[in-house]
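Here is how the chains run, residue by residue.
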Amino acid sequence: MTAYPSCLYLAFNTLYTESNHGVSIHRSLLAMTTQTTDIPAPESPFSARPDYVARCIGYGTGAITIATGISLGYWHEGFLIAMAFFLVFPHFTEIIDKRLHWTRRTALTWLSHLDAFIAGTLLGMVGSPIEFTAPVFLMLNTSLILIGNKVSWVTANSVFLLTAVTGGTLLGTKSPTDLPPELTLACAAGTALFFSALAVYASNQARYIAKMDEQLRKEVDRYQELSQQVSKYVAPQVRESILSGKKEAILETQRKKLVVFFSDIVGFSSLSDQMDAEPLTDLLNGYLTDMSNIALKYGGTIDKFIGDGIMIFFGDPVSKGIKRDALACVAMAIEMRRHMLKLRKKWAEHGLSSPLQIRMGINTGYCTVGNFGTDSRMDYTIVGREVNLASRLESGADAGEILISRETYALIKDKIICRERGTIMAKGFRDPIPVFQVMDYRRDLGANPSYVNHETEGFSLYMESDRIKETERAKVAEALERAAAKLKRGAVTSRGAQPATRKPAAPKQEASKS
């Protein structure tokens, strides 16, 4: 069974190449992850190259088969040359393989054809008995199927069949009819050893890959968690742009027309001197969280938090058009102002007596946007004259006021009612800046407004009627009626308790003398 070892090697080499293609990917990924962790990658169960070991087993088995045939006197001593070739050939190809430095797939392609040639030639020399040809053909095609290359399958089988027929024809050998059962048994044992060794290797390789998969999964989960934590320091729009490949983390900027927003809490500095650090931190974080959620709701890119101040811009990295960006920014500012009413009520319930309010400024114009900093530490932000003007508008606004520039007013005046506020002198600007005060949506200041707000000492009312659920409207109306009735009774009682005023007595007239 002289052709058996070539097929054994081929199958092992194929399985090694195909499975190690996946293993190499796992190793590369684990190499990247384990460079920054103390968790070692699982060790491979193979100290030597499996294809080399398979060659030694296969050709060694072939040599034993030849020795068995010679000892039985079935083959002459000239086959000792073939036995010596089988013992030397795997080591020789290993040396050549290392010197050529070719890829495993290239080596597999060439060696598969070489093994097919050797198998066919030696089968032709012994007359191609069916006891040898069938197992060899089965093992050869098993290996070629594992390669997964149709061209290699056709060409290697062609080489195998051509050399087997040509060798038998040239040497004049005929298929033997008196094959010793010992050689048939050796062939069967070799075939069993081939598939057993293949199964053992595949099982070990599968367990090894499973361990690497588990290790890789742990590392991926860990880096996903770290990525989520790091991403909190970056605006969601910027993070998505980088992950989708639309932007790169390089020092690069561009000029774009943006809508810029600034806000801060009036009187927060004095409040911070009066409150302890922990409640102050809770208050500020709660405020920033709520305002950030509103900003994200309208598509704003949160640039940074500056103490109690917030800087947001619209138009990059995602823009809906400058007009819609401006409307979204002003709508965001209006909702922030309304939300402050809820926060003030909430803070008052927790003992905060100072009625905090925010002021906001919005400007529209061309800015430079992109990554600023160094290669190792950069910040995605905006700079320019229009950014400075938005900041000055915010500083010039009164408590609860939204000031916008003329450019922004021109974009939103058909949807938002604004009032001329005159001009302000802004630091860094030579000429007075015309400003406008945002009042509200036009629909909320008409004959049937959906938004109602009133505050005074002992009373606070905030209502957005279009947002009240139908199932709750009756309950809200009943509560308002009870409150109104109670106020009316209190007013009547107050009037009834007032002391009666006495008219001044008419002056006494002296009796006229008759």
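Quantities reported herein were computed from a predicted structural model and do not represent experimental measurements.

Caption draft 1: Structural view of the overall build of the protein. Secondary structure summary: the protein contains 14 helices and ten strands in total. Only carbon and sulfur atoms are counted for the fraction: they give 58% of the accessible area of the protein, which is about 29500 Å².

Caption draft 2: Molecular detail of the packing of aromatic side chains. Across all of its chains, the model carries six aromatic pairs by this definition. Ring geometry for Phe85 and Phe86: centres 6.1 Å apart, planes at 65°, overall edge-to-face. Taking relative accessible area as the criterion, Phe86 reaches 1% and is therefore assigned buried. Clustering of aromatic rings is evident, with ring pairs tying together Tyr74, Trp75 and Phe79. Between Arg222 and the ring centre of Tyr223, over which it is positioned, the NZ or CZ distance is 5.4 Å.

Caption draft 3: Structural view of the nonpolar core. Counting residues in each nonpolar core, the largest one holds 43 residues, and the members touching the most others are Phe261, Tyr287, Met291, Ile312, Met332, Met336 and Ile362. The element contributing the most residues to this core is helix 11 (residues 322-349), with twelve residues. Those residues in contact with Ile312 that lie beyond four places of it in its chain are Val259, Val260, Phe261, Ala295, Gly300, Thr301, Ile302, Asp303, Met332 and Met336. Residues Phe86, Phe89, Leu122 and Leu123 belong to the second largest nonpolar core, which totals 25 residues.

Caption draft 4: Expanded view of the layout of surface pockets. The computed volume of the largest pocket comes to approximately 1000 Å³. Lining the largest pocket are 31 residues; nearest its centre among them are Ser231, Lys232, Tyr233, Val234 and Ala235. For the lining of the largest pocket, the secondary-structure elements that each account for two or more residues are helix 7 (181-231), helix 8 (236-243), helix 10 (277-297), strand 2 (301-306) and strand 5 (378-383). Residue contributions to the lining of the largest pocket peak at six residues, all from helix 10. Of the residues that constitute the lining of the largest pocket, the class distribution is 15 nonpolar, eight polar and eight charged.

Caption draft 5: Highlighting the pattern of salt bridges. Under the defined criterion, the tally for this structure stands at 16 salt bridges. For Arg359, the salt bridge identified is with Glu394, shortest N-O distance 3.3 Å. Of the two residues, Arg359 is situated in strand 4 (residues 357-373) and Glu394 in helix 12 (residues 385-396); the sequence distance between them amounts to 35 residues. Among the charged side chains, a network of salt bridges with common partners joins Asp264, Arg359 and Glu394.

Caption draft 6: Geometry of the environment of Ile424. By the secondary structure assignment, Ile424 is in strand 7 (residues 416-424). Among residues more than four places away in sequence, those in contact with Ile424 are Arg392, Leu393, Pro432, Ile433 and Val435.

Caption draft 7: Looking closely at the side chain of Gln437. Considering the arrangement of structural elements, one finds Gln437 in strand 8 (residues 433-441). Overall, the relative accessible area of 12% leaves Gln437 in the buried class. One polar contact links Gln437 to Arg419, side chain to side chain, over a distance of 2.3 Å. Those residues in contact with Gln437 that lie beyond four places of it in its chain are Glu401, Ile402, Leu403, Ile417, Cys418, Arg419 and Arg421.

Caption draft 8: The arrangement of helix 12 in detail. An ideal rise of 1.5 Å per residue puts 16 Å on twelve residues; helix 12 measures up with 17 Å between its terminal C-alpha atoms. For helix 12, the full list of buried residues reads Glu386, Val387, Leu389, Ala390, Ser391, Leu393 and Glu394.

Caption draft 9: Summary view of the pairing of strand 2. Here strand 2 pairs with strand 3 (residues 309-314) via five bridges, running antiparallel. Residue pairing in the sheet places Phe305 in a bridge with Ile310 of strand 3. Remark: two residues form the turn of the hairpin made by strand 2 and strand 3, two consecutive strands paired antiparallel; Gly307 in that turn has positive phi of roughly 65°.

Caption draft 10: Structural context of unusual backbone geometry. Here the residue pair Asp316 and Pro317 is connected by a cis peptide bond, since its omega of 0° sits within 30 degrees of zero. The topology assignment puts Pro317 in the loop between strand 3 and helix 11. Of note, Ser128 is a non-glycine position whose phi angle comes to about 50°, a positive value. Note that Ser128 resides in the loop between helix 4 (104-125) and helix 5 (130-147).

Caption draft 11: The arrangement of the confidence of the model for the protein in detail. Counting all residues, the mean pLDDT for the protein is 80, and 80% of those residues have values of 70 or more. Long-range and interchain partners of residues 1-39, a stretch whose pLDDT sits below 50, account for 117 contacts in this model, where long-range means more than four residues apart.

Caption draft 12: Quick look at the pairing of strand 5. Judged from the six bridges that link them, strand 4 and strand 5 form a sheet pairing that is antiparallel. Bridging from a neighbouring strand, Gly373 pairs with Met378 of strand 5. Between strand 4 and strand 5, which pair antiparallel in sequence order, lie four residues.

Conventions and cut-offs
Residues numbered from 1 in each chain as written. Predicted model: local features only at pLDDT ≥ 70, side-chain atom pairs only at ≥ 80, totals over all residues. Heavy atoms only, no water. Helix = DSSP H or I, 4+ residues; strand = E, 2+ residues; numbered from the N terminus. Areas by Shrake-Rupley, 256 points an atom, 1.4 Å probe, with all protein chains shown as cover. Phe/Tyr/Trp six-rings, centres within 6.5 Å; stacked < 30°, edge-to-face > 60°. Buried < 20%, exposed > 50% of the residue type's maximum accessible area, 1.4 Å probe, protein only. Lys NZ or Arg CZ within 6 Å of the ring centre and 35° of its normal. Core = buried A, V, L, I, M, F, W, Y, C linked by side-chain atoms within 4.5 Å. Contact = heavy atoms within 4.5 Å. 1 Å grid on protein atoms, 1.4 Å probe; cavity = no way out; pocket = protein on both sides within 12 Å on 5 of 7 lines; lining within 4 Å. Points joined across faces, edges and corners; volume = space filled by probe spheres on them. Nonpolar A, V, L, I, M, F, W, Y, C, P; charged D, E, K, R; others polar. Salt bridge = Lys/Arg side-chain N within 4 Å of Asp/Glu carboxyl O. Polar contact = N/O pair within 3.5 Å; in protein donor to acceptor, adjacent residues only side chain to side chain. Expected span 1.5 Å × (residues − 1). Pairing = 2+ DSSP bridges. pLDDT = per-residue confidence, 0-100.

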